[in-house]
Amino acid sequence: MDTKYNIGNNNAQMNGMNNKNKFQIRDKPTPILFGNKNGLPPSPKRMKLNGKENKATIPNNKPKLSIQEQRKKLPIFDKRNKLIELVQKHKTLIILGETGSGKTTQIPQFIYSAQIHENGKIGVTQPRRVAAISIATRVAAEIGQGTQVGELVGYSVRFQDETSKKTKIKFMTDGMLLREAIFDRQLMEYNVIILDEAHERTIHTDVLFGIVKKAQKLRENRDLPPLKIIIMSATMDVDHFSQYFNNCQAVYIEGRTYPVSLHYTVKPHDDYEAACVATFFKIHKDAPPDHDVLIFLTGQEEIETCANRIRTLSKQPDVIGPPLKIYTLYAAQSHSQQMSIFQPSPANTRKVIISTNIAETSVTISGIKYVIDSGMDILQMCNFRCRTFHPTTGLETLKVQRISQEQAWQRTGRAGRDSEGHCYRLYTRSQFELMRKATIPEIQRANLCTVSLQLLSLGFHSMHFNFMDKPPKESITAASEHLVLLGAVENIASVVLTPIGKKMNKFPIDPHFSKIILSASEFGCLEEALIVVALMSAESILITPQSKREQAQQVRQKFHSAYGDLVTLLNIVREFNSVAQNNRKAWCHEHFINMKNILHVKEIKDQLEEICCKCGLSINSCGGQLDQLRKCLITGLFTNVAELYRDKQYITLDKRNTVQIHPSSVLHGQLPHLVIFTEVVQTNKCYIRGLTTIESKWIQDIVPEYVKSKNIKIS
Ligand SMILES: Nc1ncnc2c1ncn2[C@@H]1O[C@H](COP(=O)(O)OP(=O)(O)OP(=O)(O)O)[C@@H](O)[C@H]1O
Ligand SMILES: [Mg+2]
């Protein structure tokens, strides 16, 4: 049964550390030499680089065809009937097709038009919200006839549900589908589930593989309407996936719409950021203004530095090239900032987007002609010496390292979507060949606390769950131990959640935060705890433009609390709530507060409050008694306590790691004895952020079991 179909014959055509301070902004970047002008042998299995080129029929980048004409030009389009037949025939199907061939936008529409979903929904997962939202928007536009997102085509991402009763094609983040499974393990809302970008192997996708497989089986055994599963990607190890899904059928759709030329550097470059800038200006000098550029770097700081550098250099009199519109894209940005990258650039202006791996898979940014791939990414690694550093995501150490070959192909695939393109790889061909083939699945390197809790609510212990690739044993044990300390389970082997554990699962947030909410009414501070948790779940409400940093800090000084960042943010929200509706915009402007984000905090708080009411919690407020809130934070964040030990250095009580207070914290320079933190940022040093001061005797009173089990000693 392990045959692979090859559909069609359009023939693929792909011709082809953090050292910011050393930059002087006025330095001219050293030119980078690229060889292999016409790119190279393809990745052996996936990219058929030697095939006949399916040349673009439109001259350059901006699409001049109608949206329906664009659809018809996609390699997948004339394989529609064959694909429908295969989906009808197989209960599980793997679909492999090159980047941009039309998998994500077209396959759900094919299934919909053939009514394979019958009276259920077609659910399509994406690893990231930017992709889920932008693709839903595109598909709604393709369906046309005035279809708006939220009607026939909708999306669901955390704290934002744009679906309605009419929705049949639902794009969502993998995390959202996993949450839905907690409430209905048979996933009865769906008759077809497409797990897209499966190669990314996010922790949620990996868990979903097992969940959908189980749901399919349960429905089969109970004679319920069958669940079809489709696994899709442009770059994945088909055999490994097929084996896991009971040797299911795999199909390969050949062909891509537009060719992408590959260019490797002649020699290796240590300073990949400078190399990105140099390569950008090489393109900028000659390319027509409407040829946009997408640069892949690793994280926020690096991306902002690169953007500044490009901005400054482009203004120098001897730099030739059209005006620039520079966008950045990284996780910490607000939703609207992230979505702004899709705006077309003004006439005669070049758009340049500098992004983390958010733009690496799935998305189409119209107009991108050039991709510059630094070859680097930040990988979140679970380091067992310093576990439980980042309670929001459960991720600990962020390490800059080389990408995998799969990632390189995905990055390349962001060009060549609406016209032919180029990809400049800032590494040599031999460096590419030395890269690992696929990225290590997140499940094997991340903290499993949240996922273990979710699995328990579905009746599985992570130690016995049917993972495609098992996570390390220590990681599972560590997560189970943490859940015991949070009170979600009685002991590490338990498969049954305690009543608190069950309630924790009702909140779409990590267990550390749901525990804080669930403890808060006892401390008489539920109102404040909800605001703080909502603040931690949303994008930053503070705007601190580099040019007006001091002014922003000064005007917000009145909110500063000696108790730290969380209480300071709480003060801001409290003040905002007291401002009359029609003055809020001006107030936000005056205090450098992002109005959209602070309103989103309010929405999240309302949603969490609704869940509290369902759990029978009564909302109470501690008013000015903020010790109650500070104590309550310990109930969930007890592993994130750091003690001052010498010379501005702090040491974490849990894993004895050395950390420092982040310069952006209101406690920076104040050296409080003991702080609880919500986040760790690692650059050349390990910084803690989101701080609240606490008193040592509280820890013993609030989490005596933890103090005992870890033999915690506080001076
Ligand atoms: N927002 C958009 N604007 C313009 N064209 C788009 C847009 N979204 C999709 N397209 C067109 O549709 C094509 C197919 O996109 P789709 O996302 O379905 O490809 P895919 O096969 O899923 O690619 P990938 O493997 O990169 O996810 C793109 O190559 C592009 O030509
Ligand atoms: Mg796709």
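Quick caveat, the model's predicted, so the values are computed rather than measured.

**Some remarks on the overall build of the chain**
Then, in step 1: Regarding its fold elements, the chain presents 24 helices and 24 strands.
Then, in step 2: For the chain, the residues scored as buried account for 49% of the 715 residues in total.

**Focus: the nonpolar core**
Then, in step 1: Of all hydrophobic cores here, the largest spans 179 residues; its most connected members are Cys276, Ile295, Ile372, Ile517, Ala529 and Val533.
Then, in step 2: Looking at this core element by element, the count peaks at nine residues for helix 17 (residues 526-537).
Then, in step 3: Once you skip the residues sitting within four places of it in the chain, Ile517 turns out to touch Phe507, Ala529, Leu530, Val533, Leu608 and Cys612.

**Brief notes about the sheet that holds strand 21 (residues 674-676)**
Then, in step 1: A sheet is described by the order of its strands in space; here seven strands give the open sequence 22-23-20-19-18-21-24, paired in mixed fashion. Edge strands, defined here as strands with exactly one partner in the open sheet, are strand 22 (679-682) and strand 24 (692-693).
Then, in step 2: Sheet topology note: the strand 18 (residues 641-646)/strand 19 (residues 649-652) ladder contains four bridges and is antiparallel. Each residue of the ladder has a partner; that of Ala642, found in strand 19, is Thr652.

**Considering the confidence of the model for the chain**
Then, in step 1: Averaged over every residue, the pLDDT of the chain is 88; the share at 70 or more is 89%.
Then, in step 2: Ignoring residues within four places in sequence, the model shows residues 383-395, a span with pLDDT below 50, making 41 contacts including any to other chains.

**Observations concerning helix 8 (residues 272-286)**
Then, in step 1: Given a rise of 1.5 Å per residue, 15 residues ought to cover 21 Å, and the 22 Å separating the end C-alpha atoms of helix 8 matches this to within 8%.
Then, in step 2: Within helix 8 the residues assigned to the buried category are Tyr272, Glu273, Ala274, Ala275, Cys276, Val277, Thr279, Phe280 and His284.

**Section: the sheet that holds strand 11 (residues 292-296)**
Two pairing modes exist for strands in a sheet, parallel and antiparallel, and in both the strands are linked by backbone hydrogen bonds.
Then, in step 1: Pairing in this open sheet of six strands is parallel, and the strands run 10-17-14-11-13-12 from one edge to the other. Only two strands of the sheet have a single partner each, and these edge strands are strand 10 (260-264) and strand 12 (324-329). Neighbouring strand axes in the sheet, compared pairwise and without regard to direction, differ in orientation by 15° on average.
Then, in step 2: Two strands pair when backbone bridges link them, and strand 11 and strand 13 (residues 350-355) are joined in this way by four bridges, in the parallel orientation. Considered in strand 13, the bridge of Val293 is made with Val352.
Then, in step 3: Its contacts with the sheet put helix 11 (residues 405-412) on strand 10, strand 11, strand 14 (368-373) and strand 17 (421-425), and the angle it makes with strand 14 is roughly 155°.

**Some remarks on the site of ligand 1**
Then, in step 1: As a structural note, the neighbourhood of ligand 1 is formed by 20 residues, with Gly100, Thr104, Thr105, Thr364 and Arg417 the closest of them.
Then, in step 2: Each residue belonging to the shell around ligand 1 can be placed in one class, and the counts come to two nonpolar, 14 polar and four charged.
Then, in step 3: Composition of the shell around ligand 1 by domain shows at least three residues from each of domain 1 (67-253) and domain 2 (258-440).

**Details of the environment of Leu566**
Then, in step 1: Mapping Leu566 onto the fold places it in helix 19 (residues 565-578).
Then, in step 2: Note: C-alpha distance between Leu566 and Thr693 (127 residues apart in sequence) is 9.7 Å.
Then, in step 3: Contact partners of Leu566, with chain neighbours within four places excluded, come to Val532, Gly690 and Thr692.

**Re helix 4 (residues 129-143)**
Then, in step 1: Between the first and last C-alpha of helix 4 there are 21 Å, a value that for 15 residues agrees with the 21 Å anticipated at 1.5 Å per step.
Then, in step 2: Among the 15 residues of helix 4, 11 are classified as buried, and the element is accordingly described as predominantly covered.
Then, in step 3: Taken together, the buried positions of helix 4 are occupied by Arg129, Val130, Ala131, Ala132, Ile133, Ser134, Ile135, Ala136, Arg138, Val139 and Ala140.
Then, in step 4: Where helix 4 is buried, its residues touch helix 3 (103-113), strand 3 (121-126), strand 4 (153-157), strand 6 (169-173) and helix 10 (335-339).
Then, in step 5: Gly144 sits one or two positions beyond helix 4 and adopts a positive phi of about 70°.

**Here we look at unusual backbone geometry**
Then, in step 1: Positive phi outside glycine occurs at Glu197, with the angle close to 55°.
Then, in step 2: Looking at where Glu197 falls in the secondary structure, it is placed in the loop between strand 7 (190-195) and helix 6 (203-221).
Then, in step 3: On the basis of neighbour counts, which here come to 26 C-beta atoms within 10 Å, the residue Glu197 falls in the buried class.
Then, in step 4: In this structure, Asn246 is a non-glycine residue whose phi angle is positive, near 50°.
Then, in step 5: Within the secondary structure, Asn246 sits in the loop between helix 7 (238-244) and strand 9 (249-253).

**So, the packing of helix 5 (residues 174-183) against helix 6**
Then, in step 1: At a minimum axis separation of 9 Å, helix 5 and helix 6 run at an interaxial angle of 40°. Here helix 5 lies oblique to helix 6, going by the angle between them. Note that helix 5 runs across helix 6; the crossing there is left-handed. The residues of helix 6 that touch helix 5, namely those facing Asp174, Gly175, Leu177, Leu178 and Ala181, are His204, Thr205, Val207, Leu208 and Ile211.
Then, in step 2: For the contact of helix 5 with helix 6, the class distribution of residues is six nonpolar, three polar and one charged.

Rules of the game
- Residues numbered from 1 in each chain as written.
- Chains lettered and ligands numbered in written order.
- Predicted model: local features only at pLDDT ≥ 70, side-chain atom pairs only at ≥ 80, totals over all residues.
- Helix = DSSP H or I, 4+ residues; strand = E, 2+ residues; numbered from the N terminus.
- Buried ≥ 20, exposed ≤ 12 C-beta atoms within 10 Å, placed from the backbone.
- Core = buried A, V, L, I, M, F, W, Y, C linked by C-beta atoms within 7 Å.
- Contact = placed C-beta atoms within 7 Å.
- Pairing = 2+ DSSP bridges.
- pLDDT = per-residue confidence, 0-100.
- Expected span 1.5 Å × (residues − 1).
- Axes fitted to C-alpha atoms, helices over the stretch in contact; angles between N-to-C directions.
- Near = placed C-beta within 6 Å.
- Nonpolar A, V, L, I, M, F, W, Y, C, P; charged D, E, K, R; others polar.
- Domains from an automatic or database assignment.
- Parallel < 35°, antiparallel > 145°, perpendicular 65-115°, else oblique.
- Left-handed = near helix turned anticlockwise from the far one by under 90°.

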